[in-house]
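Fold and geometry: a report
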Amino acid sequence: TVAGQSAVREFTGCPISVATNGIIAVNEPKNEENYLGQFPVSFGAIAPFMADLDTTDGRGSVYYREDSSSDVLQLASDYIKGGFPEAAFDPSSVVIVTWKLVAPYQGPGEDLTLEEKRNTFQAVLASSDSSSYAIFLYPEDGLQFYSAYSKNNDGKIPAMVGFSQASTNYYFWENPGSYNVIANDEDSIRNLHKSSNAGRQGVWVFEIGSSSDTIVPAKVSNVLASLEPSEEDQELTSKPFMSDYGSTEIRPQYVTSNVTGTPSTESFYRHREFPTAKAPPRQFPAQQFPPQGPQVIDVEEFDETGIVFRYHTDVQQTCANNRHQCSVHAICKDYPNGFCCSCIAGYKGNGRQCVAEGSPQRVNGKVKGRIFVGNNPVPVTFENTDLHSYVVMNHGRAYTAISTIPEALGYSLLPLASIGGVIGWMFAVEQQGYKNGFSITGGEFTRQTEVTFLGNNEKVVIKQKFSGIDEHGHLTISTEMEGRVPEVPAGASVHIEPYTELYHASSSVITSSSTREYTVTEPERDGVASTYTGAYQWRQTISFDECIHDDTLHAAPATQQLSVDSIFVLYNRDEQILRYAMSNSIGPISDGSADISRNPCYTGTHNCDTNAVCRAGSGNRFSCECSIGFRGDGNVCYDIDECSEQAGACGSNAVCNNQPGTYRCECVDGYQFAADGRTCVAVEYAVNHCQTGTHGCDIPQRAQCVYTGGSAYVCTCLPGFSGDGRACEDIDECQQGRCHPDAFCYNTPGSFSCQCKAGYRGDGFQCVLGVVKTKCQREKEVALGSGGTFFQREIRVGQFIPQCDEHGNYVPTQCHGSTGYCWCVDRDGNEIDGTRSGLSTAAPPVVIGPSVRPDTIPLPPGTHLLFAQSGKIEHVPLEGNSMKKNGAKALLHIPDKVIIGVAYDCMDKMVYWTDISGPSISRASLHGGEPTTIIRTDLGSPEGIALDHLGRNIFWTDSQLDRIEVARLDGRQRRILFDTGLVNPRAIVVDPVRGNLYWTDWNREAPKIETSYMDGTNRRILVKDDLGLPNGLTFDPYSSMLCWVDAGTKRLECMNPNQLGRRKIVEGIQYPFGVTSYGKNLYYTDWRRDAVVAVDRMVSVENDNFQPHKRSRLYGITTAFAQCPGGHNYCTVNNGGCTHLCLATPEGRSCRCPDNTVGVDCIERN
């Protein structure tokens, strides 16, 4: 099926559309370009796995069918009653949709690790006369990828599982519908097949109603992990509920490919350039579908692993296409339902990760934490702290050091030896028939530990993630700690007696719990050292992936005993290093009297070399054997120099470096490893053809070259032109009837213009016959509700109605009928400064509903320019790329204020501005109503202002206090981002989708344009050369271009922030201040010309200008978009999970606390 394609079906009498992108739309879906990467979507959607999925060129299929057979209805009923035991549900029909072996979208040059990954999943909609349910089904191994690239986004986006209600469209805005998110990150999606809300692994059930507000998830959390099959289970899972029998496939139109012939297995896995052409949606036939032959998806009975269902697919996961998942020191073996890896002789591990038996191991990682000590109300926090561990495998002894732990915390962490004890468990000496942690997990697992200290009930949570072996042969670990520990006095020592601990293993989970004691010896006082004993309860859960196909891999007993002795803990206050050491062995549950536990191999009393394996014999006998990569008698082992003994071990264009127990190949300069990780191939240096001009796109006046990384680029025609980007033709808009029927249309390259015919008046888009009403008459009609169908409404209490004389001109003195205020106006109805007075001493009337200021008008629909002119904000409507100057009006009039910066919230239709006379920051609704000051304290000279409409934050510069701040849209939760390195900060803009912030500093000694992430990290100078007075700055969300105006160099310039190089758009301009962008035009305000000037940035030519009737300096300018630009960031949904400020970054988001948060329960995290 072609990606993004959909087909229509009926469910409960309503049409539904099945899309290849993992969604079912319950009303008309938009094109995929308008919803991919966004949630909630604007249409009603049921999403079992929404992502940019690709089904072209045989990459999977999508099947659907409606079924009312008794066995299928019974199966659906059983699933639903499993999640809703009290529900009396008798379905009358079900719709079954299967996404089978679908692939993730891959753009040119993107992640090759996703190339062969495929997903299979199902959605079932069941209905009766009174209720409806949705069932999501995820088979074991059915989800092989959890994120996908999107044609709408530069990065990889996690899939979305959930429900979304259709948005509601109003005159001026679109109100998003409610939604439910089930899973939206890789960890939760990865676990969908393991967990459930209906008591069966991989089965998720939801009651659905007429809207997302009524989505009710099942809450039966006890998953049946291991059951013997019963008759009922047999009946439940042997029916063809999960097959494609009788289904209709959404088939694509024929798509040509540059691969010819029948692809062999080898060519199938080689990288290819796959086509991305789209085919139009195909409608489902209305008649019932005849049964087809048996398809490839079937249902299996319950097995001992508790899998409720399993797919049989015609693309079996085998060693042939998964050998790369095994270690190079492992063999791969096929089984009926999949494959497994196992380490070869001389190596230990789970097959995916293998290390040489007996060889010492190193573990590296980072530790972060937030720990309260004793009764101290202030936590000790630390980040990016190094952890290093060295393990002598044949003794099972692990030495762990954590550096840069503050003294206020270091001594109090001494009792928690098991921070490093998990490393001892991983490499514990194995007694016969028992397995340590590395043999089970391969060093790839997550561990969550809860420590509760007995007495005062302090609690610490430790989260650790082990990520396997890195390219240096070291195991990697990350550790997070949070909670409270009892205080251990500085200078004290801690002693921990040997202990044993039971580890209980089940499918992919290991648990253990115990109570441990420790003795604290305090520093001597007057020659006496007091001691006391503490204790804590220890509970831990270890989660990992295991291969379920090979029963021999699970031969280790379900319960094993870890014995730990020779425990040593120390804190060095001078080096601020915390050290743990302990010896570990794993074996049967015993009291220590068994003979097998006395063997020197298990007690560590042998005399083998540290690079040797101790082989236990009968009784106390043992032998020593050098590890692979070493040579000797076992008591003494010498490293083998493979580079000298194996000529040509690394091949051509590579250098061999000998290392203890192994060797490493490194490519010489100018070469890099190929996909096989062994062959060195010449480096192909990337060329930015867009920058060098060696691209094949049409001329810049008709097309744009967009660099996409590496040496790749795409060509796109400019607005007003059509074609493939390499050849673009002008669109004749006059043939499209864009002008009024009583107007002439004049086509121009890339644009057009309209002019009313003789005897008609108007702008060419609207023409009327005869005399046109005056401006005063038109505004009065609008206020009275007769200004056309769009503005028809009742007169609101407190609404201003202009007064006109018999000729339709403004009466020189205008008064507000409700408030009693009067003022003088000029011939255009503009208020004359200083003339406002109050004629009434009565209290203002109570206003019902939003009150509209006398000089404020709601904006009509469409896109507008908003710009500041001293004490007011004006707007100019945009029609295409042209300013409708006859429609320009004052939007907001605030006398005695000096408005500098202007920003617009496209979601709430609000305008924000800075005022240096107050100073203050304020906002007002474009639908009318009184302005509101949101910040009025701790300001010097606020100038530039920017708004993140996705994260709901504002940013501003203060040129007097020399700082940049951020706050929520209501002015709360202020936080200073920067207060150093600034002299005259002025303009500031945001790129919400990518999480970037940009600003100018017109410091005459060193002007610059800087950038950072929106959380203030990664600050750097973007432009510093050839600048004078950079006043204005704008970021175009559609072209990703950053543009600025400079009153010193008299230039308007642009650049792509991710590339080197600048482009001069125009030179010789007079005194620019603010700048904004829309379409192909840039619009800037000019102090000398008192005008808004339009520049076509594609052809670098000024094409229009607008001078307000009242001549004075123009300041900030912004674009009020009719619709918000597309995209999202990690703060879009639920404030990113943050308690306070959510600040987006290119790879995620940071949760930050506002300044002065005394007594506020705020959590900071990345």
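Throughout, a residue's number is its position along its own chain's written sequence, starting from 1. For a predicted model such as this one, the threshold for reporting local features is a pLDDT of at least 70, and the threshold for listing and counting side-chain atom pairs is 80 or more; totals across whole chains, interfaces and linings nevertheless cover every residue. No hydrogens and no water enter the side-chain calculation; it runs on all heavy atoms of the structure.

A few words on the overall build of the chain. Counting from the N terminus, the helices are the DSSP runs of H or I reaching at least four residues and the strands are the DSSP runs of E reaching at least two. Within the chain, the secondary structure is distributed over 11 helices and 81 strands. When checking whether two residues touch, look at their non-hydrogen atoms; a contact exists if any pair is within 4.5 Å. Once local pairs closer than 6 in sequence are excluded, the contacts in the chain between residues at least 24 apart make up 53%. Surface exposure here means Shrake-Rupley accessible area, sampled with a 1.4 Å probe, where a residue is shielded only by the protein chains that are shown. For the chain, the exposed area adds up to about 53300 Å²; of that, 48% sits on carbon and sulfur atoms.

Turning our eyes to something else, we now look at the side chain of aspartate 609. With respect to the helices and strands, the residue aspartate 609 is situated in the loop between helix 8 (600-603) and strand 36 (612-616). Any residue under 20% of the maximum accessible area for its type is buried, any over 50% is exposed, and the rest in between are partly exposed; the area is computed with a 1.4 Å probe on protein chains only. Residues counted as positive are Lys and Arg, residues counted as negative are Asp and Glu, and His and the chain ends are not counted. One side-chain nitrogen of Lys or Arg within 4 Å of one carboxyl oxygen of Asp or Glu is enough to make a salt bridge. Buried within the structure, aspartate 609 lacks any salt-bridge partner; its nearest side chain of opposite charge belongs to arginine 362, at an N-O separation of 12 Å. Aspartate 609 has contacts with Asn394, Gly634, Asn635, Val636 and Cys637, leaving out every residue within four places of it along the chain.

UniProt positions are given in the numbering used here, feature names are shortened, and annotations may be inferred rather than shown by experiment. Mapped onto this numbering, the UniProt entry gives "domain: EGF-like" (unreviewed entry) at residues 597-638, 639-681, 686-729 and 730-766. With 0% helix and 43% strand, residues 730-766 has its two end C-alpha atoms placed 24 Å apart.

A pair of strands counts as paired when DSSP detects no fewer than two bridges linking them. Bridge analysis of strand 27 (residues 444-453) against strand 33 (residues 531-544) gives nine bridges, and the strand direction is antiparallel. Residue pairing in the sheet places glutamine 448 in a bridge with threonine 541 of strand 33. As paired strands, strand 32 (residues 509-521) and strand 33 are joined by 13 bridges and run antiparallel to one another. Residue pairing across strands places threonine 521 opposite threonine 531, the latter belonging to strand 33.

Regular strands show a simple pattern: their side chains alternate between the two faces of the sheet. Across the six residues that make up strand 9 (residues 132-137), a large majority, six, are buried. Covered by surrounding structure in strand 9 are Ser132, Ala134 and Phe136 together with Tyr133, Ile135 and Leu137, the residues of both alternating faces. Strand direction decides the pairing type here: strand 8 (residues 119-127) and strand 9, joined by six bridges, are antiparallel. Each residue of the ladder has a partner; that of glutamine 122, found in strand 9, is leucine 137. Here strand 8 folds back onto strand 9, and the loop between the two strands holds four residues. The pairing of strand 9 with strand 16 (residues 203-208) spans six bridges and is classified as antiparallel. Bridge pairing links isoleucine 135 to valine 205 in strand 16.

Here four strands make up an open sheet; going across it, the order is 59-60-61-62 and the pairing antiparallel. Among the strands making up the open sheet, the edge pair consists of strand 59 (899-905) and strand 62 (932-935). The mean inter-strand angle of the sheet, taken between neighbouring strand axes irrespective of direction, is 30°. In the sheet, strand 61 (residues 920-925) pairs with strand 62 via three bridges, with the strands oriented antiparallel. Bridge pairing links arginine 923 to threonine 932 in strand 62. Where helices are involved, their axes are fitted lines through C-alpha atoms of the stretch in contact, as for all axes, and angles between N-to-C directions lie from 0 to 180°.

In plain terms, two cysteine sulfur atoms within 2.5 Å form what is called a disulfide here. All chains considered together, the criterion is met by 23 disulfides. Through a disulfide, cysteine 739 is tied to cysteine 754; the S-S separation comes to 1.8 Å. Looking down the S-S bond of the cysteine 739 and cysteine 754 bridge, the torsion is -75°, so its handedness is left-handed. Linking cysteine 739 in the loop between strand 47 (728-730) and strand 48 (743-748) with cysteine 754 in strand 49 (residues 751-756), this pair joins segments that are 15 residues apart in sequence. Among the residues examined, cysteine 739 registers a relative accessible area of 12% and is labelled buried. Here cysteine 776 engages in a disulfide with cysteine 804; their sulfurs sit 2.0 Å apart. On the sign convention where negative is left-handed, the bridge of cysteine 776 and cysteine 804, at about -95° about the S-S bond, is left-handed. Here cysteine 804 lies in the loop between helix 11 (775-784) and strand 52 (813-815) and cysteine 776 lies in helix 11, a separation of 28 residues in the sequence.

Another point: the pattern of salt bridges. In the structure shown here, the tally under the stated rule is 40 salt bridges. When the shortest N-O distance is used, the salt bridge between arginine 952 and aspartate 905 registers 2.7 Å. Remark: aspartate 905 occurs in strand 59 and arginine 952 occurs in the loop between strand 63 (942-948) and strand 64 (953-958); sequence separation between them is 47 residues. Of the two residues examined, arginine 952 and aspartate 905, each falls in the buried class. Bridged by salt links that share partners, the residues Asp1026, Arg1051, Glu1053, Arg1062 and Glu1067 form one connected network.

As a further point, take the confidence of the model for the chain. Known as pLDDT, the predictor's confidence for each residue is given on a scale from 0 to 100. The predicted model of the chain averages 81 in pLDDT, with 83% of residues at 70 or higher. Counted against residues more than four places away or in other chains, residues 251-314, with its pLDDT under 50, gives 146 contacts. Within the model, the stretch residues 839-856 combines pLDDT values under 50 with 36 contacts to residues more than four positions away or in other chains.

Pairing of aromatic rings covers Phe, Tyr and the six-membered ring of Trp, with a centre-to-centre limit of 6.5 Å; geometry is then stacked below 30 degrees between planes, edge-to-face above 60, and tilted otherwise. Inspection of the entire model under this criterion finds 26 aromatic pairs. Between tyrosine 518 and tyrosine 536 the ring centres are 5.9 Å apart and the planes differ by 35°, which places this aromatic pair in the tilted class. Taken together, the residues span a long stretch of sequence, with tyrosine 518 in strand 32 and tyrosine 536 in strand 33 at a distance of 18 residues. You'll find tyrosine 518 and tyrosine 536 in the same group, each marked buried. Through successive ring pairs, a cluster of aromatic residues spans Phe49, Trp99, Phe121 and Phe145. One Lys or Arg, arginine 1019, reaches over the ring of phenylalanine 978 and ends 4.7 Å from the middle of that ring. In this analysis the charged atom, NZ for Lys or CZ for Arg, is taken to sit over a ring once it is within 6 Å of the ring centre and within 35 degrees of the ring normal.

If you walk across this open sheet you meet the four strands as 71-72-73-74, and the pairing is antiparallel. What marks the edges here is a single partner per strand, and that holds for strand 71 (1030-1036) and strand 74 (1063-1067). The mean angle between the axes of side-by-side strands here comes to 20°, regardless of whether they run parallel or antiparallel. Here four bridges tie strand 73 (residues 1051-1055) to strand 74, and the two strands are oriented antiparallel to one another. Bridging from a neighbouring strand, leucine 1052 pairs with valine 1066 of strand 74.

Time to look at the nonpolar core. Buried residues of nine kinds, namely Ala, Val, Leu, Ile, Met, Phe, Trp, Tyr and Cys, make up a nonpolar core once their side-chain atoms join them within 4.5 Å. If you look at the biggest cluster of nonpolar residues, it comprises 61 residues, and the most contacted ones within it are Leu409, Leu416, Ile423, Trp425, Phe427, Met481 and Tyr580. Among all residues touching tryptophan 425, those that are not within four sequence positions of it are Asn436, Gly437, Thr441, Phe445, Tyr503, Ile510, Ile542, Leu562, Asn584 and Ile586. Judged by nonpolar contacts, the second largest core, of 36 residues, contains Ala123, Ala134, Phe136 and Tyr138.

Our focus in this paragraph is helix 6 (residues 418-426). Judged by how many residues are buried, helix 6 sits mostly within the fold: nine of nine residues are covered. Looking only at helix 6, the buried set comprises Ser418, Ile419, Gly420, Gly421, Val422, Ile423, Gly424, Trp425 and Met426.

Counting through the fold element by element, serine 922 comes out in strand 61. A relative accessible area of 6% places serine 922 in the buried class. In this view, serine 922 contacts Val911, Tyr912, Trp913, Thr932, Thr933 and Ile934; residues no more than four positions away in its chain are not counted.

Right, let's talk about the environment of valine 205 for a bit. Of note, valine 205 is situated in strand 16. Judged by its relative accessible area of 0%, valine 205 is buried. As a C-alpha pair, valine 205 and alanine 134 span 71 residues in sequence and 5.8 Å in three-dimensional space. Residues within four places of valine 205 in sequence aside, it is in contact with Tyr79, Ile80, Phe84, Tyr133, Ala134, Ile135, Asn197, Ala198, Val216, Pro217 and Ala218.

Relative to the helices and strands, arginine 1089 is located in the loop between strand 76 (1081-1086) and strand 77 (1091-1096). Along the chain, arginine 1089 and isoleucine 1069 lie 20 residues apart, while their C-alpha atoms are 9.9 Å from each other. The contacts of arginine 1089, once residues within four sequence positions are left out, are Gln1070, Tyr1084, Glu1102, Asn1105, Gln1107 and Arg1111.

Look at the link from glycine 918 to proline 919: it is a cis peptide, with omega at -10°. Mapping proline 919 onto the fold places it in the loop between strand 60 (910-915) and strand 61. Phi is positive for asparagine 653, close to 60°, though the residue is something other than glycine. Assignment of secondary structure puts asparagine 653 in the loop between helix 9 (642-645) and strand 40 (654-659). If you check the backbone angles, asparagine 1134 has positive phi at about 55° while not being a glycine. Secondary-structure assignment places asparagine 1134 in the loop between strand 79 (1117-1120) and strand 80 (1141-1145). Owing to a relative accessible area of 62%, asparagine 1134 belongs among the exposed residues under this scheme.

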